[in-house]
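Topology and contacts: notes
Given next are the chains, with one letter for each unit.
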Amino acid sequence: MKETGLMFKAPLVRSILDGTKTQTRRVVKLPHCNPLGEWEALQLGGPDGGRTSAGKTMPAQMGIGHTRTGEILTSPCGGPGDRLWVRETFAKVIGQSGGWIETDYFATYTHGDRLGDTLGIKKRWTPSIHMSRDASRLTLDITGVRVERLQQINEADCRAEGAHGGHGSIPGYAYSATPLEHFHHIWTSTGGDWAANPWVWVIDFKRIHDHKATP
């Protein structure tokens, strides 16, 4: 079983915690754009889809292949049965003896939870990219992987991404946003390029456990 650390911003972590986010999209990192062919989605694995080095049937999943070069890419995050651990902005709580005793998480932290807040001690948050496995509180079981163009997303998948729309879902938006409009906002507000319509890995998951990470 493969485990991969995947970064999530605070609003997305909260959506995982409240159960409204069970899917994530990540841009496929294509090695080239050879104009003599094109990239297309492929069905991999399954009963007639080959076997692993251990002789087991490869889990059914989707990949992406190039029609000219024959290159095939599979999800770097793994496939069904593999796991993701959530990397998020965090702060280690250091005890009086100088050792790490507990972990706080930016996505759910409330100012005043620690004595240092009332004493005016500024909390030092560590970016998610620097989170180690032992500091992570969320583990996700991958239940499905496919590949598609970003703008192919439908309303059901918008909701699985945690984008339900409605009044107030998009700051400053005067109308009741649709799930698609809400997802578009989430994608662009976290640095994504909607207009580029990139190929994306679509990863379905379920949360299997979470804990307050301690050393």
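Residues numbered from 1 in each chain as written. Predicted model: local features only at pLDDT ≥ 70, side-chain atom pairs only at ≥ 80, totals over all residues. Heavy atoms only, no water.

1. Description of the overall build of the protein chain
- Per the secondary structure count, the protein chain includes four helices and 10 strands.
- Going residue by residue from the N terminus, the α and β elements of the protein chain occur as β-α-β-β-β-β-β-β-β-α-β-α-α-β.
- Projected onto its principal axes, the C-alpha coordinates of the protein chain cover approximately 65 × 50 × 30 Å.
- In the protein chain, which comprises 215 residues, the proportion classed as buried is 40%.
- Of the roughly 11,900 Å² of accessible surface on the protein chain, a fraction of 53% belongs to carbon and sulfur atoms.
- Computing the positive centroid from 25 side-chain charges and the negative centroid from 22, the protein chain places the two 5 Å apart. (Helix = DSSP H or I, 4+ residues; strand = E, 2+ residues; numbered from the N terminus. Buried < 20%, exposed > 50% of the residue type's maximum accessible area, 1.4 Å probe, protein only. Areas by Shrake-Rupley, 256 points an atom, 1.4 Å probe, with all protein chains shown as cover. Lys, Arg positive; Asp, Glu negative; His and termini not counted. Charge placed at Lys NZ, Arg CZ, Asp CG, Glu CD.)

2. Remarks on the sheet that holds strand 3 (residues 39-44)
- The strand order 3-4-5 describes an open sheet built from three strands, whose pairing is antiparallel. Strands with a single pairing partner mark the edges of an open sheet, and in this sheet they are strand 3 and strand 5 (72-73).
- Examined bridge by bridge, strand 3 and strand 4 (residues 61-66) share six bridges and lie antiparallel to one another. Paired with Leu44 across the strands is Gln61, a residue of strand 4. (Pairing = 2+ DSSP bridges.)

3. As for the nonpolar core
- Counting residues in each nonpolar core, the largest one holds 32 residues, and the members touching the most others are Phe8 and Phe183.
- Looking at this core, the elements that each hand over two or more residues are helix 1 (10-17), strand 6 (83-87), strand 9 (138-149), helix 4 (179-189) and strand 10 (199-210).
- A per-element tally of this core places strand 10 first, with six residues.
- Non-local contacts of Phe183, meaning those with residues more than four positions away in its chain, are made with Arg25, Leu150, Ile153, Cys158, Glu161, Ala163 and Trp194.
- In this structure, Phe90, Trp100, Tyr105 and Met131 belong to the second largest nonpolar core, which totals six residues. (Core = buried A, V, L, I, M, F, W, Y, C linked by side-chain atoms within 4.5 Å. Contact = heavy atoms within 4.5 Å.)

4. What to know about the side chain of Asp157
- Checked against the element boundaries, Asp157 lands in helix 3 (residues 155-160).
- Among the residues examined, Asp157 registers a relative accessible area of 12% and is labelled buried.
- Filtering out sequence-adjacent residues up to four positions away, Asp157 remains in contact with Gln23, Arg25 and Arg146.

5. A word on the packing of aromatic side chains
- All told, the structure shown has five aromatic pairs when counted by the stated rule.
- Relative to Trp125, the ring of Tyr109 lies with its centre 5.5 Å away and its plane at 75°, an arrangement referred to as edge-to-face. Residue Tyr109 is located in the loop between strand 8 (100-105) and helix 2 (115-118), and its partner Trp125 is located in the loop between helix 2 and strand 9; the two are separated by 16 residues in the primary sequence.
- Relative accessible area serves as the criterion here: at 17%, Tyr109 is assigned to the buried category.
- Between Phe183 and Trp187, the aromatic rings sit 6.0 Å apart at their centres with planes inclined by 40°, giving tilted as the arrangement. Of this pair, Phe183 and Trp187 both sit in helix 4, four residues apart, roughly one helical turn. (Phe/Tyr/Trp six-rings, centres within 6.5 Å; stacked < 30°, edge-to-face > 60°.)

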